[in-house]
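Chain by chain, the residues run as shown.
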Amino acid sequence: MPAADEQQMIQHVKDGNREAFRILVERHMKQAYNIAFGFVNNHDDAQDIAQESFVRVYQSIGEFRGDSGFGTWLYRIVANLSLNRLRKKKSSSFREITLADDPPAPGLPPAGDLHQQDVRMHVERALHELPTLQRAVVILRHLNGLSTRQVSVILRCSEGTVKTHLHRGLKKMRSKLSFIKEDVLC
Amino acid sequence: MLMHTEIKIQMYDYLKGELTGGEAAKVRRHVDSCRECASELSELENFIERSASFFMNPSEERPSAYWENFATEVERKIQPLDQTGKRYSRTLLEDILFFLIPKRISPYAFSAAMALLVAALTFWKLASPPLHKEVKQIPAVQVISPNPDERVGQYLRKSRALLVGISNFKAERGQPRDMSAERKISRQLVHEARYLKHQPMDLRSAELIGDMEKILIKLANLREKNDVPDVELIRSGIHQDNLLFKIRMAEARYDTGRYIALEQDILKGY
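Residues numbered from 1 in each chain as written. Chains lettered and ligands numbered in written order. Predicted model: local features only at pLDDT ≥ 70, side-chain atom pairs only at ≥ 80, totals over all residues. Heavy atoms only, no water.

(A) Representation of the overall build of chain A. Of regular secondary structure, chain A possesses eight helices and zero strands. Sequence-ordered secondary structure for chain A, helices as α and strands as β, is α-α-α-α-α-α-α-α. Across the 186 residues of chain A, 51% fall into the buried class. By sequence separation, contacts in chain A at least 24 residues apart represent 64% of the contacts at least 6 residues apart. Carbon and sulfur atoms form 48% of the exposed surface of chain A, whose accessible area is close to 8800 Å². (Helix = DSSP H or I, 4+ residues; strand = E, 2+ residues; numbered from the N terminus. Buried < 20%, exposed > 50% of the residue type's maximum accessible area, 1.4 Å probe, protein only. Contact = heavy atoms within 4.5 Å. Areas by Shrake-Rupley, 256 points an atom, 1.4 Å probe, with all protein chains shown as cover.)

(B) Highlighting the packing of aromatic side chains. Tallied over the entire structure, the rule returns 10 aromatic pairs over all chains. Judged by centre distance (6.1 Å) and plane angle (70 degrees), the ring pair of Tyr33(A) and Tyr66(B) falls under edge-to-face. Placement of Tyr33(A) in helix α2 (residues 18-40) and of Tyr66(B) in helix α4 (residues 64-83) is noted, with the two residues assigned to different chains. The pair formed by Tyr33(A) and Tyr66(B) is uniform in burial state, with each residue classed as buried. Residues Phe54(A) and Phe70(B) carry aromatic rings whose centres are separated by 6.0 Å and whose planes lie at 80 degrees to one another, so their mutual orientation is edge-to-face. Highlighted residues: Phe54(A) in helix α3 (residues 43-60) and Phe70(B) in helix α4, drawn from two different chains. Members of the aromatic cluster, connected to one another through ring pairs, are Tyr33(A), Phe54(A), Tyr66(B), Trp67(B) and Phe70(B). Above the plane of the ring of Tyr66(B) lies Arg62(B), whose end atom (NZ or CZ) is 4.3 Å from the centre. (Phe/Tyr/Trp six-rings, centres within 6.5 Å; stacked < 30°, edge-to-face > 60°. Lys NZ or Arg CZ within 6 Å of the ring centre and 35° of its normal.)

(C) Structural detail: the pattern of salt bridges. Overall, the coordinates contain 18 salt bridges over all chains when judged by the stated rule. Between Lys176(A) and Glu129(A) there is a salt bridge, and its shortest N-O distance comes to 3.2 Å. Taken together, the residues Lys176(A) in helix α8 (residues 159-176) and Glu129(A) in the loop between α5 (114-128) and α6 (132-143) connect sequence positions 47 residues apart. A residue is classified by how much of its surface remains accessible, and Lys176(A), at 35% relative accessible area, is partly exposed. As a salt-bridge pair, Glu192(B) and Arg151(B) come within 2.7 Å of each other at their nearest N and O atoms. (Salt bridge = Lys/Arg side-chain N within 4 Å of Asp/Glu carboxyl O.)

(D) Main features of the interface of chain A and chain B. Between chain A and chain B, the residue contacts involve 55 residues of the former and 41 residues of the latter. On the chain A side of the contact with chain B, Gln51(A), Tyr58(A) and Arg174(A) bury the most area, a combined 15% of that side's loss. The residue Arg174(A) makes a salt bridge to Glu40(B) at a minimum N-O spacing of 3.3 Å. If you look at where chain A meets chain B, you find 15 residue pairs in polar contact (both at pLDDT 80 or more). Listed by contribution, the elements that provide at least two residues to the side of chain A that touches chain B are α1 (3-14), α2, α3, α5, α6 and α8 of chain A. With 10 residues, the single largest contributor to the side of chain A that touches chain B is α2(A). (Buried area = accessible area lost by both parts, 1.4 Å probe. Polar contact = N/O pair within 3.5 Å; in protein donor to acceptor, adjacent residues only side chain to side chain.)

(E) Geometry of helix α9 (residues 203-220) of chain B. Across its 18 residues, α9(B) extends 25 Å between first and last C-alpha, which sits within 8% of the 26 Å expected from 1.5 Å per residue. Within α9(B) the residues assigned to the buried category are Ser205(B), Leu208(B), Ile209(B), Met212(B), Glu213(B), Ile215(B), Leu216(B), Leu219(B) and Ala220(B). (Expected span 1.5 Å × (residues − 1).)

(F) Local environment of the state of the cysteines. Residue and element names in this part refer to chain B. Within this structure, the stated rule accounts for zero disulfides over all chains. Cysteine 34 takes part in no disulfide bond, and the closest cysteine sulfur, belonging to cysteine 37, lies 3.7 Å away. Look at cysteine 34 and you get buried, because its relative accessible area is 11%. Judged by relative accessible area, which is 0%, cysteine 37 ranks as buried. (Disulfide = S-S within 2.5 Å.)

(G) Representation of the side chain of His167(A) within the structure. Within the secondary structure, His167(A) sits in helix α8. Excluding residues that lie within four positions of it along the chain, His167(A) makes contacts with Lys8(B), Ile9(B) and Glu40(B).

(H) Seen up close, the nonpolar core. Ranked by size, the top nonpolar core spans 76 residues in total, and within it Phe21(A), Phe54(A), Phe70(A), Leu155(A), Met173(A) and Phe70(B) carry the most contacts. No other element matches the 12 residues that α2(A) contributes to this core. Each of domain 1 (1-95) and domain 2 (98-186) of chain A accounts for three or more of the residues forming this core. In contact with Phe21(A), other than residues within four places in its own chain, are Val13(A), Phe54(A), Val57(A), Tyr58(A), Val74(B) and Ile78(B). (Core = buried A, V, L, I, M, F, W, Y, C linked by side-chain atoms within 4.5 Å. Domains from an automatic or database assignment.)

(I) Main features of α2(A). Residues and elements named next belong to chain A. At histidine 28, α2 is deflected by roughly 50 degrees, the largest bend along its length. Structurally, the start of α2 carries an N-cap: the backbone nitrogen of glutamate 19 is 2.9 Å from a side-chain oxygen of asparagine 17. Within two residues after α2, asparagine 41 carries a phi angle of roughly 60 degrees, on the positive side. (Bend = angle between axes of the 7 residues up to and from the residue.)

(J) Summary view of the environment of Asn17(A). When you line up the elements, Asn17(A) lands in the loop between α1 and α2. For Asn17(A), a relative accessible area of 32% gives the class partly exposed.

(K) Structural view of the packing of helix α7 (residues 150-167) of chain B against helix α8 (residues 180-196) of chain B. Residue and element names in this part refer to chain B. Put simply, α7 and α8 touch, their axes get as near as 11 Å, and they point 145 degrees apart. Note on packing geometry: the crossing formed by α7 with α8 is left-handed. Facing Arg151, Val152, Tyr155, Lys158, Ser159, Leu162 and Ile166 of α7, the residues of α8 in contact are Glu182, Ile185, Ser186, Leu189, Glu192, Ala193, Tyr195 and Leu196. Its residues assigned to classes, the contact of α7 with α8 shows nine nonpolar, two polar and four charged. (Axes fitted to C-alpha atoms, helices over the stretch in contact; angles between N-to-C directions. Left-handed = near helix turned anticlockwise from the far one by under 90°. Nonpolar A, V, L, I, M, F, W, Y, C, P; charged D, E, K, R; others polar.)

Function cannot be read off these values alone, since they describe shape.
As structure tokens, then:
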């Protein structure tokens, strides 16, 4: 959605147009969910956080001035709620991936190709073993494709800090995954 | 060493093509002359390319039906906010109410109370006599003593007869009843009421004619065939407004007025 259209949509929401709000939700819901999941590593929590973020947006859209993009503002809410949830849980939130028990999800490699699934599991685990801020930067910048500037706004840190965390996070992941054959991953 | 670190933290942006021309040239120059950084850049490039294919967006693990309902779920969560009046933007009136009303009182209740207050003040202003006789005021409805207006009397009598008939209406099962006569009389009485409303009249009679007009319009709009549910509604309206009693009282006022007028005529020597 072009920025001008999005601004117009936001104005409609401010004027009380529910349909415009619904369009905004549908536009951003998956990315909000992905970001939340990146932090909490749990579908139920990701759902709660993503939905709660949109509720917060609805409550305070009157205060949204548009200094940053709507997406950046929304994802900052998502990131804040996710970090709060993590603080409450005080867990490193390892994702429990059991290859034998989990049914193959749609979009995964073919059922017989366990090697691919193993690699995927290790990559995800390496990500979730990163310190929170490094993980946040990798999720936002590398996996969700947000710009360094957007990530710095979302996490309220300098662009230099974002670059440093990204560099360190990706280096740690490479190091943890170094046992995997080079032709497969690194 | 500082140079290596500076270059390394720029590598991701360099590979994504997001550095300025000068910054990119600086990274390129350094990498061309530094084996360690060149190796690091190559590893990072490989990792970025390959790792992305192993990450599946968690949203893709949810079925499409889940995403179809997502926005509806969010709307369900924001509905209670709307009901409690907690919204994102307020009108000027809402802003005023926000400061005037204690939070425990609903704005709707406050608005209703204000409307009642205004109505009561208006009624009081109309019903009470003017305080200063020398100040000439034009009342909304000219308040006069009961006037033996034969036309009003006829209107009241006809209306009473019609409403008594409707009030005693009993629907017989499976027997459609022709209401055309009632509808015709109602239409005539509505026309008459519209004429009378513009004539000088006491306040209570004016109100009564207004109330009856609503009932008569409903009667005039009844369907041709047996319209039992609507007739029942009209009957309940007649009873609820106590219309028959009010009509009798108005008729009595007009009769008394006529008697007084006759008495005055006698005293004048007619």
